[in-house]
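Tertiary structure, described
Spelled out from the first residue to the last, the chains are:
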Amino acid sequence: MLNVSIIGASGYSGAELAKLLANHPEFNLIGCYVSEQSLDKGKLLSDLYPEHTGLLNIELAPLTEQAFVQIAAQSEYVCLCTDHKVSVSLAPKLLDLGLKVFDLSGGFRLADASQYQQFYGFEHPHQPLLDEAQYGLAEWNTHAIKDAQLIAVAGCYPTAALNALKPLKNAGLLTDSQIIINAVSGVTGAGRKASLTTHFCEVSLSPYGLFNHRHGPEISQYLGHPVLFTPHLGNFSRGILETIYVQLKEGTTPHDVEAAYQCVADEPLIRLKGDKLPSIKGVANSPYVDIGWQQQDQQLIVVVAIDNLLKGAAGQALQCMNIASEFTPTLGLKG
Ligand SMILES: NC(=O)C1=CN([C@@H]2O[C@H](COP(=O)(O)OP(=O)(O)OC[C@H]3O[C@@H](n4cnc5c(N)ncnc54)[C@H](OP(=O)(O)O)[C@@H]3O)[C@@H](O)[C@H]2O)C=CC1
Ligand SMILES: CC(=O)N[C@@H](CCC(=O)OP(=O)(O)O)C(=O)O
């Protein structure tokens, strides 16, 4: 068994990961941590998530200096389910302790530190770690994930967009024009902490982050293609659905598009639906990426759906941990 600790375990992605690890045959959830000043320190994770009573009767410990010593002594892997800036401050210390770090935040996803002020609102102090980090987009970066010490697990919206678009890009079917991505996320995407704009009763389907959401540059960087990305917040709990407008090269046939997607046809967590379009209902609480598309002349509309907390966060993090450990990538993910 490999021991895993989670920092930020009381949040939505941390708790989802705790549940996956507690049910996993090869990983042992050894420690669950929150901030030193957390109102939840000392509580059981199952006090916060009573649906997991029994499974997650594990105490939330404060992340003190002593906790770092304990994590290093007990764990092989540590997962950061913390805000981007918190992850950026914690990761160097954990890496120095020799741990393999799986960061679910965006703290190490962009290649260039100078982009962090614009898109994340803080100066990134660790360009060498941005150079070292490997992108945790499980189906597309398997080899690098296996050998990396720092894995920047892919963002939720980018996971959906990149899985939908990489087959087309790799087959050379895209023109140079910008790809338009309209995305909707459920409210768990905004995390567990209270805020008026993400208060469930206040949410009414509306866009946010126009022209400056941090996932725009993340998608462009890992696709190698310009995108215009607009997220929306919807009044449902979990799931992401993206509608993507693609201009195909002159002469691209429906057969070419179908053939392009065959490169992922055997991936166990990618479900190609052809002209049957995906829905949130089809993926909520499941580890899959559903991809559908319809074509009219040179215009292609691709629709992709994932669960933001599973394929968009904890599920993909577990997939990366499985890959790093040379287990079957889907171990503990498919019922
Ligand atoms: N929610 C989602 O759908 C997705 C989230 N992510 C990313 O995962 C990360 C976590 O997101 P999410 O689960 O939604 O966030 P939450 O706000 O739900 O949880 C954050 C967690 O971090 C803890 N925390 C806060 N400050 C510290 C600190 N200084 N030291 C240790 N723990 C701390 C919080 O507990 P406390 O404050 O009590 O200490 C809590 O457990 C973010 O970077 C997010 O961008 C990625 C993909 C999807
Ligand atoms: C609905 C909502 O607010 N979603 C979040 C994205 C989810 C997330 O936590 O972002 P990462 O995948 O980059 O970690 C946002 O737009 O900031």
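Here the structure is a predicted model, which is why all the values come from computation and not from measurement. (Residues numbered from 1 in each chain as written. Chains lettered and ligands numbered in written order. Predicted model: local features only at pLDDT ≥ 70, side-chain atom pairs only at ≥ 80, totals over all residues. Heavy atoms only, no water.)

Let's shift gears to the UniProt feature "active site" (unreviewed entry) in the protein. According to UniProt, the "active site" (unreviewed entry) feature falls on Cys156. Here Cys156 is in contact with His215, Ile240, Ile306, Asn308 and Gly312, once residues within four sequence places are set aside. (UniProt positions renumbered as here; feature names shortened; annotations may be inferred. Contact = heavy atoms within 4.5 Å.)

Turning to helix H10 (residues 254–261), a few remarks are in order. Looking at H10, one finds that the buried residues are Val257, Ala260 and Tyr261. One face of H10 carries all of its buried residues, which in axial projection span an arc of 95°. Lining the buried residues of H10 we find helix H8 (156–170), strand E12 (270–274), strand E13 (289–296) and strand E14 (299–306). (Buried < 20%, exposed > 50% of the residue type's maximum accessible area, 1.4 Å probe, protein only. Helix = DSSP H or I, 4+ residues; strand = E, 2+ residues; numbered from the N terminus. Arc of directions from axis to C-beta.)

With respect to topology, seven strands assemble into an open sheet ordered E9-E10-E8-E11-E14-E13-E12, the strand pairing being mixed. Two strands bound the open sheet, and with one partner strand each, they are strand E9 (206–207) and E12. Inspection of the sheet shows strand E8 (residues 179–185) paired to strand E11 (residues 240–247) by six bridges, in the antiparallel sense. Bridging from a neighbouring strand, Asn182 pairs with Thr243 of E11. On the sheet, H8 packs against E8, strand E10 (227–233), E11, E12, E13 and E14 and is oriented at approximately 35° with respect to E11. (Pairing = 2+ DSSP bridges. Axes fitted to C-alpha atoms, helices over the stretch in contact; angles between N-to-C directions.)

Inspection of the region around ligand 2 gives 15 residues, with Arg109, Tyr208, His213, Arg214 and His215 positioned closest. In the model, an oxygen atom of ligand 2 is placed 2.7 Å from a nitrogen or oxygen of the Arg109 side chain. For ligand 2, an oxygen atom lies 2.7 Å from a polar atom in the side chain of Arg214. Protein chains bury 82% of the 440 Å² of accessible surface belonging to ligand 2 in isolation. (Near = heavy atom within 4 Å. Polar contact = N/O pair within 3.5 Å; in protein donor to acceptor, adjacent residues only side chain to side chain. Areas by Shrake-Rupley, 256 points an atom, 1.4 Å probe, with all protein chains shown as cover.)

Now for the pairing of strand E7 (residues 150–153). Residues of E7 alternate between two faces, with Leu150 and Ala152 on one and Ile151 and Val153 on the opposite face, all of them buried. Across three bridges, strand E5 (residues 100–103) lies against E7 in parallel orientation. Bridging across to E7, Asp103 finds its partner in Ala152. As defined by bridge partners, strand E6 (residues 134–136) adjoins E7 across three bridges and the pair is classed as parallel. Within E7, the residue paired with Gln134 across the bridge is Ile151.

In this section: the state of the cysteines. Enumeration according to the criterion identifies zero disulfides in this entry. Here Cys156 is not cross-linked by a disulfide; its sulfur's nearest cysteine counterpart is in Cys81, at 13 Å. Here Cys156 falls in the buried class, since its relative accessible area comes to 17%. Cys263 forms no disulfide, and the closest cysteine sulfur to it belongs to Cys320, at a distance of 18 Å. (Disulfide = S-S within 2.5 Å.)

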